[in-house]
Amino acid sequence: MEVDIIGVPLDFGTDKRGVDLGPDAIRYAGLHSRIRQLGHTAKDRGDVIVAVRDELDAGDPRLRYLDPILDVQKQLMERVRESVSSGRMPVVLGGDHSVGLGSIAGVAAAFGSDRVGVIWVDTHGDFNVPETTPSGNIHGMPLAALCGYGNDRLTSLDLDGVRGFVDPVNVVVVGARELDDGERQLMKEAGISVFSMAAIDRLGIHEVMREAIRVASDGTRGVHLSFDLDVIDPQFAPGVGTPAPGGLTVREAHVVMELVSATGRLVGLDVVEVNPILDVMNRTGELAVDLILSALGKRVWFSDGRL
């Protein structure tokens, strides 16, 4: 596998500062060399250019920092489009989860008329629109925009004739435990499949992921996995933008990655919301690397040889 590492040091989408340092925290934990140890070719393509936040006006309080965020998303879309079109695997390092918009839009652009499935692993639904957002933070809106809901400039990335990049029927949210009332209703209307932490407790992570993979794979050319580290319980991942107790265990998180990888249908990966300012000795950055390796084929086998 040829892997492109793409950094997006963006924190405009959130109130809490620090996730812009996430890409370098993940790199510092040895991402490049450890991908190569798996037998893959890896090239670090550097970072998307991001403006200096302190020099900008937030603008519309329901769409904070819309223009600079759009600039970043359009750059990222083109980077990912080129990577996928060239037969490589883009691994996008966030930054806040608004980067999922540009990343998945890039895969969709590379696929043309073929659909891409999305597995969005996150505590939050990220399905708000300006009318429902309690904060105005765009990192709570990217999945809605990908599905064609919300501000026209977000849903199209300023491309004429475009509104939405994915079909909601192939979108699955895994690990949700903090959904706003407005986005919950929108997700129902859109037909998004949601597996909350309660569903994972009841069904088990293997069964949830088998169904998530089935939904995201149905009629699609491949699956993009967008993974927010805040889905993991803070006792294991303390350095995240918006920590919330009651999340996945480390082993459950690895199972998510391993099962998607085992399908052979993974076409793109985001790992986002690592905040080294809040971390403990880069534990969360190191965990991010371990999870990326699982998505790229590293396996933990049981004693009888089964996955």
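Structure first, text after, so check above.
No experiment lies behind these values; they were computed from the predicted model shown. (Residues numbered from 1 in each chain as written. Predicted model: local features only at pLDDT ≥ 70, side-chain atom pairs only at ≥ 80, totals over all residues. Heavy atoms only, no water.)

1. Let's talk about the overall build of the protein chain
Across its full length, the protein chain holds 11 helices and 8 strands. For the protein chain, whose C-alpha radius of gyration is 17 Å, the value lies close to the compact-globule estimate of 19 Å for 307 residues. Taken over the C-alpha atoms alone, the protein chain extends approximately 55 × 40 × 40 Å along its principal axes. Burial status across the protein chain gives 59% buried among its 307 residues. (Helix = DSSP H or I, 4+ residues; strand = E, 2+ residues; numbered from the N terminus. Rg over C-alpha atoms; globule rule 2.2 N^0.38 Å. Buried < 20%, exposed > 50% of the residue type's maximum accessible area, 1.4 Å probe, protein only.)

2. Focus on the packing of helix H3 (residues 66-85) against helix H4 (residues 99-111)
Between H3 and H4, whose axes approach to 7 Å, the crossing angle comes to 40°. Taken together, the axes of H3 and H4 are oblique relative to one another. Remark: the crossing between H3 and H4 carries right-handed chirality. Listed contacts from H4 to Gln 73, Leu 76, Met 77, Val 80, Arg 81, Val 84 and Ser 85 of H3 are Val 99, Leu 101, Gly 102, Ser 103, Ala 105, Gly 106, Val 107, Ala 109, Ala 110 and Phe 111. (Axes fitted to C-alpha atoms, helices over the stretch in contact; angles between N-to-C directions. Parallel < 35°, antiparallel > 145°, perpendicular 65-115°, else oblique. Left-handed = near helix turned anticlockwise from the far one by under 90°. Contact = heavy atoms within 4.5 Å.)

3. Concerning the nonpolar core
The biggest cluster of nonpolar side chains holds 53 residues, and the ones touching the most others in it are Ile 119, Met 209, Phe 227 and Leu 229. With near-sequence residues (within four places) excluded, Phe 227 lies in contact with Val 121, Ile 232, Ala 253, Val 256, Met 257, Asp 270, Val 271, Val 272 and Leu 291. Ile 6, Leu 76, Val 99 and Ala 145 belong to the second largest nonpolar core, which has 51 residues in total. (Core = buried A, V, L, I, M, F, W, Y, C linked by side-chain atoms within 4.5 Å.)

4. Some details on the sheet that holds strand E8 (residues 266-272)
Spatially, 8 strands are ordered E2-E1-E3-E8-E7-E4-E5-E6 in an open sheet, and the strand pairing comes out parallel. Both outer strands of the open sheet, strand E2 (41-47) and strand E6 (193-196), are each paired with one neighbouring strand and no more. Across the sheet, the mean angle from the axis of one strand to that of its neighbour is 15°, orientation sign disregarded. Direction of pairing for strand E4 (residues 116-121) relative to strand E7 (residues 222-228): parallel, over a ladder of 6 bridges. Each bridged residue has a counterpart across the sheet, and for Trp 120 the counterpart in E7 is Ser 226. (Pairing = 2+ DSSP bridges.)

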